[in-house]
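Geometric and topological summary
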Amino acid sequence: MPTVPTVRGPLDTADLGRTLMHEHVFVLSTEHVQNHGTGDWWDEEERVADAVTKLDELAALGIDTIVDPTVWGLGRHLPRVQRVAAQTALNIVVATGIYTYDEAPFQYLNRGPGRLVDTAVDPMVTDFVRDLREGIADTGVRAAFLKCVVEAKGLTPGVDRVLRAVAAAHRETGAPITVHTNARAQTGRLVVQVLREEGADLTRVVIGHAGDSNDRDYLRELADAGCVLGMDRFGLDRYNTTAARVDTIAELAAAGYADRMVLSQDASCFIDWFPDEEARAALRRSAPNWTFTHVPTDVLPLLRERGVTEEQLDQMLVGTPRRYFEPA
Ligand SMILES: [Zn+2]
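The text that follows walks through the structure, step by step, so that each part is easy to find. (Residues numbered from 1 in each chain as written. Predicted model: local features only at pLDDT ≥ 70, side-chain atom pairs only at ≥ 80, totals over all residues. Heavy atoms only, no water.)

Here the focus is the overall build of the protein chain. Within the protein chain, the secondary structure is distributed over 12 helices and 14 strands. Its C-alpha radius of gyration of 19 Å places the protein chain within 12% of the 20 Å reference for a compact globule of 328 residues. Counting across all 328 residues of the protein chain, residues that qualify as buried make up 56%. Taking as baseline every contact in the protein chain between residues at least 6 positions apart, the subset at least 24 positions apart corresponds to 77%. Total accessible area on the protein chain is roughly 13,600 Å²; 49% of this is exposed by carbon and sulfur atoms. A distance of 3 Å separates the average location of the 34 positive side-chain charges in the protein chain from that of its 49 negative side-chain charges. (Helix = DSSP H or I, 4+ residues; strand = E, 2+ residues; numbered from the N terminus. Rg over C-alpha atoms; globule rule 2.2 N^0.38 Å. Buried < 20%, exposed > 50% of the residue type's maximum accessible area, 1.4 Å probe, protein only. Contact = heavy atoms within 4.5 Å. Areas by Shrake-Rupley, 256 points an atom, 1.4 Å probe, with all protein chains shown as cover. Lys, Arg positive; Asp, Glu negative; His and termini not counted. Charge placed at Lys NZ, Arg CZ, Asp CG, Glu CD.)

So, about helix α9 (residues 242-257). Taking 1.5 Å of rise per residue, 16 residues should cover 22 Å, yet α9 covers just 19 Å from first to last C-alpha, more than 12% shy of that figure. Turning to α9, its buried residues number three or more, namely T242, R245, V246, T248, I249, A250, L252, A253 and Y257. Looking at the buried residues of α9, the elements they touch are α8 (216-224), β12 (228-231), β13 (261-263), α11 (294-305) and α12 (310-325). (Expected span 1.5 Å × (residues − 1).)

Moving on: α8. The α-helix advances 3.6 residues per turn, and as a result positions three or four apart in sequence lie on the same side. Buried within α8 we find Y218, L219, L222 and A223. Down the axis of α8, the sector holding all buried residues measures 130°, keeping them to one side. Along α8, exposed side chains directed more than 90 degrees from the buried face belong to D217 and D224. Of the surrounding secondary structure, the elements contacted by the buried residues of α8 are α7 (188-197), β11 (205-208), β12 and α9. Where α8 ends, the next residue or the one after it, G226, has phi of about 110°, a positive value. (Arc of directions from axis to C-beta.)

Attention shifts here to empty space enclosed by the protein. Going through the model one piece at a time under the given rule, you end up with one cavity of 30 Å³ or more. There is about 80 Å³ of room inside the largest cavity. If you trace the largest cavity, you find it lined by V25, F26, D68, T70, G75, R76, H77, L78, R80, V81, V94 and A95. At the level of elements, β4 (24-27), α3 (78-85) and β6 (91-97) are the ones that each hand at least two residues to the lining of the largest cavity. No other element matches α3, which puts three residues into the lining of the largest cavity. For the lining of the largest cavity, a count of residues per class yields six nonpolar, three polar and three charged. (1 Å grid on protein atoms, 1.4 Å probe; cavity = no way out; pocket = protein on both sides within 12 Å on 5 of 7 lines; lining within 4 Å. Points joined across faces, edges and corners; volume = space filled by probe spheres on them. Nonpolar A, V, L, I, M, F, W, Y, C, P; charged D, E, K, R; others polar.)

The next thing to look at is the coordination of the zinc ion. Protein-derived coordination of the zinc ion comes from H22 (NE2), H24 (NE2) and D266 (OD), at a distance range of 2.1 to 2.2 Å. Sequence positions of the residues that donate to the zinc ion give the spacing H-x1-H-x241-D. Here the two residues H22 and H24 agree in accessibility, since each one is buried. (Donors = N, O, S within 2.8 Å, 3.2 Å for Na, K, Ca; no water.)

Have a look at this one:
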């Protein structure tokens, strides 16, 4: 029986259940907390309890698992997520990788093939593979997938290096990949191009934030290459409204693409991009539906109204997430 690592340990992929494929428990930079957070807007106990409440609410609405692509650059810190996972029924699957729109972190710039410290293997690959095989830092929690970014700037040297390192770790371990893309700049095409060159299995790649686009030709092109479309930012209306996202998904499902779409909200229990109460209030005004419960509460009924069948919804919520985490 194939298993997937979760924060609480290995889980049979058959038990993943209804899965939201792109949610964050905490987006929280250690540097921000250490320098400007303590005692002001960050209270560890309050935030852990709040995360448990939010995830329990999601579990009560019939969601079994969230897949959390928080990596270096977004403040991944597993001990805090472990505290949350120990107190909620929801399964949490975590990632390794690097979140950058441009340059690679300085810690890698002088190390690697042909660099000042000339190594045979890119140390990024070594670090990613260790997270996937042995565990993250000393937590014993294994990452289940790889995450990186190709934003509007495209394949800068840093972004290109991280994407190719992700591909190398994927080839070595078989772990699947999620790439944050910019739908307006249609950077999913660059992801397909590079991952194809690198010999990745495109059927185990999620083009994250593809659902910000309503360009059917672009979306079909990615899906026809075998990729999974991340229809994963429900509630972020500034990128695409819920009504338009639903229309696009319903059309693609009717055209036979239900097996190449996954659903999510890209929500966070806490995100330090909106650290204090004033910022959080502004966020609630500008994106009132960007919550942990928008998909089960509002989106699924809207998709049903638009003719998406239960079988197709199961495919997006259960079947494709399971296949994604099973070895090819
Ligand atoms: Zn995200």
